[in-house]
Amino acid sequence: DAGVIQSPRHEVTEMGQEVTLRCKPISGHDYLFWYRQTMMRGLELLIYFNNNVPIDDSGMPEDRFSAKMPNASFSTLKIQPSEPRDSAVYFCASSFSLAGTSTDTQYFGPGTRLTVL
Amino acid sequence: QKEVEQNSGPLSVPEGAIASLNCTYSDRGSQSFFWYRQYSGKSPELIMSIYSNGDKEDGRFTAQLNKASQYVSLLIRDSQPSDSATYLCAPLSWGKLQFGAGTQVVVTP
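Residues numbered from 1 in each chain as written. Chains lettered and ligands numbered in written order. Predicted model: local features only at pLDDT ≥ 70, side-chain atom pairs only at ≥ 80, totals over all residues. Heavy atoms only, no water.

### Some words on the nonpolar core
Within soluble globular proteins, side chains that are nonpolar generally end up buried alongside one another.
Stage number 1. Counting 22 residues, the largest nonpolar core has Leu-21, Trp-35, Met-48, Val-72, Leu-74, Ile-76 and Tyr-87 of chain B as its most contacted members.
Stage number 2. Mapped by element, the contributors of at least two residues to this core are strand 3 (19-25), strand 4 (32-38), strand 5 (45-50), strand 7 (61-66), strand 8 (71-76), strand 9 (85-93) and strand 11 (103-108) of chain B.
Stage number 3. Per-element tally for this core: the top contributor is strand 3 of chain B, with four residues.
Stage number 4. Counting residues in hydrophobic clusters, the runner-up holds 21 residues, among them Trp-34, Phe-49, Tyr-90 and Val-116 of chain A. (Core = buried A, V, L, I, M, F, W, Y, C linked by side-chain atoms within 4.5 Å. Buried < 20%, exposed > 50% of the residue type's maximum accessible area, 1.4 Å probe, protein only. Helix = DSSP H or I, 4+ residues; strand = E, 2+ residues; numbered from the N terminus.)

Here it is in structure tokens:
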């Protein structure tokens, strides 16, 4: 399996621009997670989906952030408008289940390093 | 109080020695516990998972869980320079991984 795929790997944009991050989960995984990592706040969960349905978006910082999962193999995280404080590494992860067993393991993609100037 | 507490380090360990990493968590409802390793500039990768009290061994790694004390630890035996990384403790609670800030481990030759 190719693992979790994210694109782009690096994104540099100017304040006010729209940014779209993309993720393809591992085939067969029913759960998809978006995380953000910064030096100050560490690794924090933004939102997660189960079978393409958003389950918990309490970590989404504000209305400028939105996420969608139109099908089982694709998800996007959009920031509009972007601000310098959004600069971070954004990770996508997927898992087969959340059943309290080994199938809970979340596998992370390589991440997208976002820089907002 | 942070939900997941880890010593930030760096934890300096001589090559061949045992590295001991500790983690405490606040949510008693946590059922699954994961240790991830993250190299600088890379994504987290799973090292160990543990679901019940006691010890679990996998190669040079041993995870220990004590739910009554809300404590989970990771031992790395025969530490190698390639073990130099940040280790993230992550209890799973209500469907969400709660990551600690991580412990940086530096293995010195």
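### Describing the environment of Tyr-36 of chain B
Stage number 1. One can find Tyr-36 of chain B in strand 4.
Stage number 2. Classification of Tyr-36 of chain B as buried rests on a relative accessible area of 0%.
Stage number 3. Each C-alpha atom, one on Tyr-36 of chain B and one on Gln-98 of chain B, is 12 Å from the other, the two residues being 62 residues apart in sequence.
Stage number 4. Setting aside anything within four residues of it in sequence, one finds Tyr-36 of chain B in contact with Thr-105, Gln-106 and Phe-108 of chain A together with Pro-44, Glu-45, Leu-46, Ile-47, Thr-86, Tyr-87, Leu-88, Leu-97 and Phe-99 of chain B.
Stage number 5. In terms of polar contacts, Tyr-36 of chain B uses its side chain to reach the backbone carbonyl oxygen of Gln-106 of chain A, at 2.7 Å. (Contact = heavy atoms within 4.5 Å. Polar contact = N/O pair within 3.5 Å; in protein donor to acceptor, adjacent residues only side chain to side chain.)

### A short note on the interface of chain B and chain A
Interface size is commonly expressed as the accessible area that is lost once the parts come together.
Stage number 1. With 17 residues of chain B in contact, the opposing surface of chain A contributes 20 residues.
Stage number 2. For the pair chain B and chain A, the summed buried surface comes to about 1,400 Å²; carbon and sulfur atoms form 58% of the total.
Stage number 3. Broken down residue by residue, the surface that chain B buries against chain A is led by Tyr-51, Lys-96 and Phe-99 of chain B, which jointly contribute 30%.
Stage number 4. One can count one salt bridge joining chain B with chain A.
Stage number 5. For the salt bridge of Asp-56 of chain A with Lys-96 of chain B, the shortest nitrogen-to-oxygen distance reads 3.0 Å.
Stage number 6. Taken together, the elements giving at least two residues each to the side of chain B that touches chain A come down to strand 4, strand 9 and strand 10 (96-97) of chain B.
Stage number 7. Sorting elements by how many residues they give to the side of chain B that touches chain A places strand 4 of chain B first, with four residues.
Stage number 8. Looking at the side of chain B that touches chain A, its residues break down into 10 nonpolar, five polar and two charged. (Buried area = accessible area lost by both parts, 1.4 Å probe. Salt bridge = Lys/Arg side-chain N within 4 Å of Asp/Glu carboxyl O. Nonpolar A, V, L, I, M, F, W, Y, C, P; charged D, E, K, R; others polar.)

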